[in-house]
Amino acid sequence: MSAFAAVDLGASSGRVIVGTVDGGRVSLHEVNRFPNGPVQLAGALHWDVLGLYRGVLDGLRAAGREAGVLSGVGIDSWAVDYGLLDRDGALVGNPFHYRDARTDGVPDTVFATIPAAELYARTGLQVQPFNTVFQLVAAQGTAALAAAQTALLIPDLLGCWLTGARVAEVTNASTTGLLDASTRTWATDLAERLGIDSTLLPPLLDPGALLGHVRADVGLHGTVPVWTVGSHDTASAVVAVPAVGDDFAYISCGTWSLVGLELDRPVLTEASRAANFTNEAGVDGTVRYLRNVMGLWVLQESLRTWNEAGLPADLPDLLAAAARVPALTTVVDVDGPAFLPPGDMPARIAAEAERTGQTPPQSQAETVRCILDSLALAYRRAVRQSSALAGKDVSVVHVVGGGVRNELLCQLTADATGLSVVAGPVEGAALGNVLVQARAAGVLSGGLADLRAVGAQGLELRRYEPGATGGPTDRQWAAAEHRVEGP
Ligand code: ADP
Ligand code: LRH
């Protein structure tokens, strides 16, 4: 029996989970969970990175107490954000949160130097204002960037604090906009053309490598290796998808919903770029071909808004009430830029409903229903587009992440896509993290299919069939697709 500690930092919470691998079976046990979210500081949005590191240290110590000796630690987190280290290895400034507004308008200035089509052909990356490349351009001229010697993505930064190693794990590096999607090496020429010092970018490592050993002062028993995993949380989540065949789509459903396919090679066509599909690096050389759907963030922010206004904000109660609201009354394009920054989502939804000639939701239950219907509609579009753009048939949709707990959303996803949905596991990223560590440590072996088979043992999966609860028909979903565009 071997125990591994998976550090998984999501945009809404961080957790440290002990994964015990015993006879080809994995069981997960959460030993620490701590809140995460944006911190407003002097007019900008940041992460509380030291608070997160404290949560990681507390979690690792709890994991050590539980397991005795750990066979490894692996770290994954959300993508794109980074900390800057100076030549002494000190952190320069607080890492920015990707929802900070400083990158507004930056993509267009970058495209004036390197056309969007040329960037996509090389990096295969979707355009999101928060891609690391745009953040680094926004930071040009700052004292922090001038003092920086290395830029480390968040999991690499925490890995450096634990071990001293300065590297870039490749799955997360693929979200920077500075990695060549075909060669999986830094596109240093693109960086230099944009005035970004390419020596900021550390050497690349694949998942499953030995990063180093946990510093003695952390206080764990013995010498504990830190393994690289799919350090992009979505990459780890995709490893944990309990798929049996190859013809599956996945929705990694948490703060964001990442909707797409696993492929052998990137799709770098103009049609793919126009649809803003991304080709991010997966574990074992795979490509995560997907679209970012704004996700449960819109619901989280609605709950926060209601809570601050003293209104009821209990999620299970609101979901039960939303289930009683007629389907597809009002639908909005949740991927619109208005929904990216923190703020009053119910008001933004109402404004979007009015803009598109629909009746704004009149109650909290109607607002929640609108969010869930709109998410399911976006999933329908993304699953169908990914399949068409990649030329790959899909027969089942796997949902992993916190959204697995949302039974209404899972049923709506089956209804909207017209496909069976298999929901689970909830802690997908942590499971994928543990599976890749266990293989690196020699406890498991084989390819992704073998890891998935081990991961699926003992999971409680729930299956949802289209139309099982008498939801809208395919024609009604198709009509709703037009309504989000407005008259
Ligand atoms: P992240 O990793 O991005 O922080 P998670 O995968 O933890 O996100 O998912 C968080 C989401 O899971 C929440 O926004 C919430 O919508 C959903 N969720 C959590 N618990 C429940 C629950 N009991 N019922 C329905 N949804 C839930
Ligand atoms: C999900 C995620 C997603 C990125 C976003 C910034 O947690 O990593 O894959 O696009 O955060």
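Residues numbered from 1 in each chain as written. Chains lettered and ligands numbered in written order. Predicted model: local features only at pLDDT ≥ 70, side-chain atom pairs only at ≥ 80, totals over all residues.

Caption draft 1: Molecular detail of the overall build of the chain. Check the secondary structure of the chain and you find 18 helices and 19 strands. Taken against the 2.2 N^0.38 rule, which gives 23 Å for 487 residues, the C-alpha radius of gyration of the chain at 22 Å falls within 12% of a compact globule. Each of the three principal axes of the chain carries a C-alpha extent, and together these read 60 × 55 × 50 Å. Looking at the chain as a whole, 53% of its 487 residues are labelled buried. (Helix = DSSP H or I, 4+ residues; strand = E, 2+ residues; numbered from the N terminus. Rg over C-alpha atoms; globule rule 2.2 N^0.38 Å. Buried ≥ 20, exposed ≤ 12 C-beta atoms within 10 Å, placed from the backbone.)

Caption draft 2: Molecular detail of the sheet that holds strand β17 (residues 396-400). Taken in spatial order, the seven strands of this open sheet run β15-β16-β14-β13-β17-β18-β19, and their pairing is mixed. Here the strands that pair on one side only, and so sit at the sheet edges, are β15 (278-281) and β19 (462-464). Looking at each pair of strands side by side, their axes are set apart by 30° on average, direction ignored. Packing against the sheet, helix α15 (residues 407-417) makes contact with β13 (248-253), β17, β18 (420-423) and β19, and its axis sits at approximately 155° to β18. (Pairing = 2+ DSSP bridges. Axes fitted to C-alpha atoms, helices over the stretch in contact; angles between N-to-C directions. Contact = placed C-beta atoms within 7 Å.)

Caption draft 3: Structural context of the pairing of β17. A large share of β17 lies buried, amounting to four of its five residues. One ladder, built from five bridges, connects β13 with β17; its direction is parallel. In the sheet register, F248 faces β17, and the bridge partner there is V396. Handedness of the β17-α15-β18 crossover: right-handed. (Right-handed = clockwise from strand over helix to strand, strands pointing away.)

Caption draft 4: Here's a closer look at the site of ligand 1. Of all residues adjacent to ligand 1, which total 17 residues, the nearest are G10, S12, G254, T255 and G402. Of all elements in the fold, only α11 (297-308) and α12 (315-323) reach the threshold of two or more residues within the shell around ligand 1. Residues that form the shell around ligand 1 fall into these classes: six nonpolar, 10 polar and one charged. (Near = placed C-beta within 6 Å. Nonpolar A, V, L, I, M, F, W, Y, C, P; charged D, E, K, R; others polar.)

Caption draft 5: Region of the structure containing the UniProt feature "domain: Carbohydrate kinase FGGY C-terminal" (unreviewed entry) in the chain. Listed under "domain: Carbohydrate kinase FGGY C-terminal" (unreviewed entry) in the UniProt record, and renumbered for this structure, are residues 249-441. In residues 249-441, the share of helix is 46% and the share of strand is 17%. The end C-alpha atoms are 29 Å apart. (UniProt positions renumbered as here; feature names shortened; annotations may be inferred.)

Caption draft 6: Representation of the packing of α12 against helix α14 (residues 364-390) within the structure. Their axes nearest at 8 Å, the elements α12 and α14 cross at an angle of 80°. Considering their axes alone, α12 and α14 lie roughly perpendicular with respect to each other. Of α14, the residues touching α12 (which contributes L318, L319, A321 and A322) are Q364, A365, V368, R369 and L372. Tallied by class, the residues present in the contact of α12 with α14 amount to seven nonpolar, one polar and one charged. (Parallel < 35°, antiparallel > 145°, perpendicular 65-115°, else oblique.)

Caption draft 7: Representation of the environment of W297. Its place among the elements puts W297 in helix α11. As a C-alpha pair, W297 and A441 span 144 residues in sequence and 35 Å in three-dimensional space.

Caption draft 8: Here's a closer look at the UniProt feature "domain: Carbohydrate kinase FGGY N-terminal" (unreviewed entry) in the chain. Under the local residue numbering, the UniProt record ascribes the feature "domain: Carbohydrate kinase FGGY N-terminal" (unreviewed entry) to residues 6-239. Helix makes up 32% of residues 6-239 and strand 23%, with an end-to-end C-alpha separation of 14 Å.

Caption draft 9: Fine view of the environment of G336. Tracing the backbone shows G336 in the loop between α12 and α13 (345-355). With 331 residues separating them along the chain, G336 and A5 place their C-alpha atoms 37 Å apart.

Caption draft 10: Quick peek at the packing of helix α16 (residues 428-440) against helix α17 (residues 448-456). Running from amino to carboxyl end, α16 crosses α17 at an angle of 120°, the nearest separation of the two axes being 10 Å. By the angle between their directions, the pair α16 and α17 is classed as oblique. When you trace α16 past α17, the crossing you get is right-handed. Residues L431, L435 and R439 of α16 touch α17, and the partners they reach there are L451, V454 and G455. Taken together, the residues that form the contact of α16 with α17 break down as four nonpolar, one polar and one charged. (Left-handed = near helix turned anticlockwise from the far one by under 90°.)

Caption draft 11: Just the nonpolar core, in detail. Counting residues in each nonpolar core, the largest one holds 154 residues, and the members touching the most others are A5, V73, Y379 and L435. Broken down by element, this core gets its largest block of residues, 13 residues, from α14. Dropping the residues within four chain positions of it, A5 is found in contact with V16, V18, L60, A63, L70 and V73. (Core = buried A, V, L, I, M, F, W, Y, C linked by C-beta atoms within 7 Å.)

Caption draft 12: Structural view of α16. Along its 13 residues, α16 runs 19 Å from first to last C-alpha, staying within 8% of the 18 Å computed at 1.5 Å per residue. Extensive coverage of α16 is indicated by the burial of 13 of its 13 residues. Just past α16, the residue G442 takes up positive phi, approximately 85°. (Expected span 1.5 Å × (residues − 1).)

Caption draft 13: How the structure looks around α13. Residues of α13 that are buried include every one of M345, P346, I349, A350, E352 and A353, and no others. Burial along α13 is one-sided: seen end-on, the buried residues are contained in an arc of 165°. Looking at the packing, one finds that the buried side of α13 touches α11 and α14. Two residues or fewer past α13, G357 is found with a positive phi of approximately 75°. (Arc of directions from axis to C-beta.)

Caption draft 14: Local environment of the confidence of the model for the chain. With 100% of its residues at a pLDDT of 70 or more, the chain has an overall mean of 98. Taken element by element, the predicted model of the chain shows its lowest mean pLDDT in helix α18 (residues 474-483) (96) and its highest in strand β6 (residues 72-77) (99). Confidence metrics for the complex model read pTM 0.98 and ipTM 0.99. (pLDDT = per-residue confidence, 0-100.)

Caption draft 15: Unusual backbone geometry, seen in detail. Following G424, the chain continues into P425 via a peptide bond in cis, with omega recorded as 5°. If you check the backbone angles, A42 has positive phi at about 50° while not being a glycine. Mapped onto the fold, A42 is located in the loop between β4 (39-41) and β5 (44-46).

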